[in-house]
Amino acid sequence: ADAPASAAKGGCPFAHAPAPSAPNGCPVSHAAAAFDPFSDGYQQDPPDYVRWAREQEPVFYSPLLGYWVVTRYEDIKAIFRDNLTFSPSIALEKITPTGPEANAVLASYGFALNRTLVNEDEPAHMPRRRALMEPFTPEHLQHHEPLVRRLAREYVDRFIDDGRADLVDQMLWEVPLTVALHFLGVPEEDMDTLRQYSIAHTVNTWGRPKPEEQVAVAHAVGNFWQYAGQVLDKMRANPDAPGWMQYGIRMQKALPEVVTDSYLHSMMMAGIVAAHETTANATANAMKLLLQHPSAWREICEDPGLIPNAVEECLRHNGSVAAWRRLATQDVTIGGVAIPAGSKLLIVTSSANHDERHFADADLFDIRRDNASDHLTFGYGSHQCMGKNLARMEMQVFLEEFTRRLPHMGLAEQAFSYVPNTSFRGPEHLWVEWDPAANPERRDPAVRDGARSPVRIGEPTGHALTRPVVVERAEPVAEGVVRLWLVAADGGALPRWSPGAHIDVECGDTGLSRQYSLCGDPADARAFEIAVLLESQSRGGSAWMHAHTHVGARLRIRGPRNHFRLDEGAQALVLVAGGIGITPISAMARRAKALGIPYVLHYCGQRRATMAMVDELHALHGERLHLHVGDEGRRLDLPELLRVPQPGTQIYACGPTRLLDALASNSTHWPQDSLRVEHFTATVGPLDPSREHGFEAELKDSGLTIQVRADQTLLQALRAANIDVQSDCEEGLCGSCEVAVIDGEVDHRDRVLTRAEREQNRKMMSCCSRACGQRIVLQL
Ligand code: HEM
Ligand code: FES
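Note that the coordinates shown come from a computational prediction; the quantities given were computed from them, not determined experimentally.

Q: Is there a simple way to think about the environment of R483 in this case?
A: Following the sequence through the fold, R483 ends up in strand 12 (residues 481-488). Sequence spacing of R483 and S417 is 66 residues, and the spatial spacing of their C-alpha atoms is 53 Å. Setting aside residues up to four positions removed in sequence, R483 forms contacts with R473, A474, E475, V477, C519, E529, I530, A531, M613 and E616. In this structure the side chain of R483 is engaged in a polar contact, spanning 2.6 Å, whose partner is the side chain of E529.

Q: Sorry, what's going on with unusual backbone geometry here?
A: It is generally the case that most residues other than glycine have a negative phi and that most peptide bonds are trans. For the peptide bond that leads from E122 to P123, omega is 5°, which places it in the cis range. Note on placement: P123 falls in the loop between helix 6 (100-108) and helix 7 (125-132). Omega for the bond connecting G559 with P560 falls within 30 degrees of zero, at 5°, which places this linkage in the cis form. Phi at N722 is positive, roughly 70°, even though this residue is not glycine. Within the fold, N722 resides in the loop between helix 27 (714-720) and strand 24 (738-743). The phi angle at E730 is positive, at roughly 55°, despite the residue not being glycine. The topology assignment puts E730 in the loop between helix 27 and strand 24.

Q: Any chance you could explain empty space enclosed by the protein here in plain terms?
A: One way to see where empty space is left: roll a probe the size of a water molecule over the atoms. Evaluation of the coordinates by the stated rule reveals three cavities of 30 Å³ or more. Its volume calculated, the largest cavity comes out at about 750 Å³. Along the walls of the largest cavity sit 41 residues, with V118, A274, C385, M386 and G387 positioned nearest its centre. Among the elements that take part in the lining of the largest cavity, helix 15 (residues 261-292) stands out by supplying nine residues, more than any other. Tallied by class, residues from the lining of the largest cavity come to 25 nonpolar, 13 polar and three charged.

Q: Could you clarify how one ought to interpret the site of ligand 1 in this entry?
A: The environment of ligand 1 is formed by 29 residues, the closest being H125, R129, R326, H383 and C385. Measuring from an oxygen atom of ligand 1, one finds a backbone N or O atom of L117 at 3.2 Å. Backbone polar atom of Y380 to an oxygen atom of ligand 1: 3.4 Å apart, as the coordinates give it. Of all the cavities here, the one that holds ligand 1 is the largest cavity. Sort the elements by how many residues they give to the shell around ligand 1 and helix 15 lands first, with six residues. Of the residues contributing to the shell around ligand 1, the split by class is 17 nonpolar, 10 polar and two charged.

Q: Could you clarify how one ought to interpret the coordination of the iron atom of ligand 1 in this entry?
A: Six octahedral donors at a metal ideally form angles of 90 or 180 degrees, and four tetrahedral donors ideally form angles of 109.5 degrees. A lone protein donor binds the iron atom of ligand 1: C385 (SG), at 2.3 Å. Positionally, C385 belongs in the loop between helix 18 (349-352) and helix 19 (388-405).

Q: Which parts of the structure should I look at to understand the packing of helix 14 (residues 244-254) against helix 15?
A: When two helices pack together, you describe them by how their axes are tilted relative to each other and by the distance separating the axes. Contact pair helix 14 / helix 15: the axes reach a minimum separation of 11 Å and the direction vectors enclose 175°. The angle between helix 14 and helix 15 falls in the class roughly antiparallel. Here W244, M245, G248, I249 and Q252 of helix 14 lie close against helix 15, whose contacting residues are D261, Y263, L264, M267 and M268. Residues of the contact of helix 14 with helix 15, tallied by class, amount to seven nonpolar, two polar and one charged.

Q: In this structure, what is going on with the side chain of H317? I would like to understand it.
A: Note on placement: H317 falls in helix 17 (residues 307-318). On the basis of relative accessibility, which here comes to 16%, the residue H317 falls in the buried class. Setting aside residues up to four positions removed in sequence, H317 forms contacts with L289, H354, A362, D363, L364 and F365.

Q: Any chance you could explain the sheet that holds strand 3 (residues 86-87) here in plain terms?
A: Two pairing modes exist for strands in a sheet, parallel and antiparallel, and in both the strands are linked by backbone hydrogen bonds. Pairing is mixed across the open sheet formed by five strands, whose spatial order is 1-2-8-5-3. The open sheet is flanked by strand 1 (59-62) and strand 3, the only strands paired with a single partner. Direction of pairing for strand 5 (residues 324-328) relative to strand 8 (residues 344-347): antiparallel, over a ladder of four bridges. Following the sheet pairing, R326 is matched in strand 8 by L345. Packing of helix 5 (residues 73-81) onto the sheet brings it into contact with strand 1, strand 2 (67-70), strand 3, strand 5 and strand 8, and relative to strand 8 it is tilted by some 125°.

Q: I keep staring at the sheet that holds strand 4 (residues 164-166) and nothing clicks. Help me out?
A: An order of 4-10-9 is seen for the three strands of this open sheet, with the pairing classed as antiparallel. Looking at the sheet topology across the chains shown, the edges are occupied by strand 4 and strand 9 (410-411).

Rules behind the numbers
- Residues numbered from 1 in each chain as written.
- Chains lettered and ligands numbered in written order.
- Predicted model: local features only at pLDDT ≥ 70, side-chain atom pairs only at ≥ 80, totals over all residues.
- Heavy atoms only, no water.
- Helix = DSSP H or I, 4+ residues; strand = E, 2+ residues; numbered from the N terminus.
- Contact = heavy atoms within 4.5 Å.
- Polar contact = N/O pair within 3.5 Å; in protein donor to acceptor, adjacent residues only side chain to side chain.
- 1 Å grid on protein atoms, 1.4 Å probe; cavity = no way out; pocket = protein on both sides within 12 Å on 5 of 7 lines; lining within 4 Å.
- Points joined across faces, edges and corners; volume = space filled by probe spheres on them.
- Nonpolar A, V, L, I, M, F, W, Y, C, P; charged D, E, K, R; others polar.
- Near = heavy atom within 4 Å.
- Sits in = over half its atoms within 2 Å of the grid points.
- Donors = N, O, S within 2.8 Å, 3.2 Å for Na, K, Ca; no water.
- Axes fitted to C-alpha atoms, helices over the stretch in contact; angles between N-to-C directions.
- Parallel < 35°, antiparallel > 145°, perpendicular 65-115°, else oblique.
- Buried < 20%, exposed > 50% of the residue type's maximum accessible area, 1.4 Å probe, protein only.
- Pairing = 2+ DSSP bridges.

Here it is as structure tokens:
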């Protein structure tokens, strides 16, 4: 496990004539030559430190490290996808080879850390991963939550009256360590010693210890190794005790070639580090980031429903694993750069997480970011972190505890220091302070125990991402229609949106929500405009809206989200609105005008008095606006409008089903996908197992095949197997649960994909669509 770096420090892997002008006499750029992941710049902010690379030289050779460094999202994800070409075997290799003295010390302890899971190649790895996966599934992890909560509460008790604490030393190191030991099944002795051991392991694996430090580190690592062996021996005496290691010992009986002795000893040591240091650091990074963004902190204090996504955004923005490693097993090209077989790769996942190509406004810390969980902090594919959902659960519980009991805390003045290394990253200390007299539980002791419902284990869903807004203006704009201007409750800017987008307004605590298309100007970041049809006779959502949308009312909204995107490359547009369906269509017309796309706007209604926004549309669109008012005898003649198909012209429509159906039946002779309509109601009913069949889904990137039972959606089966897939509506409307299809015919049931997209069979909505046959193959 201790092979020297393939390219010696300062060496050059290229065959070339000396180029005297370049550093090292070889074609390594100056910036690449200066790259030093042990320097303070990298330690403080890895993605910022390699920004130049992400932008200009995304794959470069580091002579200092002897590694190729990869910095962009797509390149890194492709590397994670292919663990045969890119072997993980060097993941735990010492990045700084140690000298003979330290090696002798390690040998004296019989140190033989070898393959675990994270650095195991195929075909050995997947059978082992599958054999050991069950204790990590959401179903099994929920049993650990009460312990996490109890520990979090007790540790906060210890310092809550002090007004000041180092969260790392006083809580964040020990609690995840205790949880890790509990999960693994290791007795909770020697916690301090274990902390020293695991820091030594980090330095030994990913650090650059000076020769004089190497020996001390080697002793600690050697002791850690022996300690792991002793614990394992004790466990073997009582293999029925709970714990993941005992689970492995029991599995060894059935599968001795898969779960080997060498594996168990190495995992005993690596497992302690994997399970605790990562999570301790991740929480410290998250708290630092949140307290540095007081408005985000305030928001999660006020609405703990935002915590799951905030955890994900923290892992993206400032995760605890900054970079990971792979070995190229054959000549390959990454991001256009030819890389010879045998090259070592440092894949800077923290840089991928700040790649503008994947994350809009990537440096912005946005706790509502809808693709936050696309981050690569847990890796991806067949080696993706098995413990991710335990880590997520712990982080959620810690943040719930802090926001509930210490919402008034802030960062103390301090300089942050990090243990210099390429990969494991978190501040060594995190000092926070608050006024104990203002502790909420002094006023209301019930706050301490705050009965929170269990966290949702797994990747967050979009459901909980609400945003408080205030009705700033309300104006009747037609009979029964009120136009509302909604501004952020904190007066700040609202997120950007594009025509066709809608928001969901939650109807108080009724559990109901209503969807409204945005109809204002997308350039206005201050207010969202919606037009609400108040059906005074109705019950439920509409009645709630009727009673609660007066000026000054505070509402909770979700979104904006867009399932009805305007194709800005269209040659021409026919825009058709019926009744209140004018809202998204008006935003599209405004955009078409701004872009100079030729368009016509047909607006239909029963009576003129019920049609909103007519004057304003007239002023903006002049002759392009065609009004069709039923009781004035001017109905829209659809057969005539659509008589001659116009290739390159797109029809966008929103309105009553009757109108949309008529458009569909009158446009069958148009090119495929010419007609795009907005759907607010799903066609999928609840799953009826008696009418479904089960099927098999092969997940190419993860190397798994899962069974989807007749009484399960594909999305549910994926989540039960610990595969992250985003979701929001879960009824085939929003498109967030899309997965890529490699093979097998899909029974599409969503309302997102167009006819052509369905026929291509390249993607599907996992919340509702299923396999036609017995099997599908997915890029997951
Ligand atoms: C693998 C990060 C918490 C157990 C990994 C990998 C990363 C990672 C980057 C390698 C992924 C790859 O090669 O694609 C993290 C982070 C954590 C965390 C950032 C906390 C925020 C945990 C916890 C446990 C754990 C709590 C155990 C209880 C594992 C295991 C693997 C792994 C067993 C190896 C999986 C395999 O190769 O098949 N983790 N981890 N991790 N992690 Fe975690
Ligand atoms: Fe909305 Fe599946 S979650 S379409």
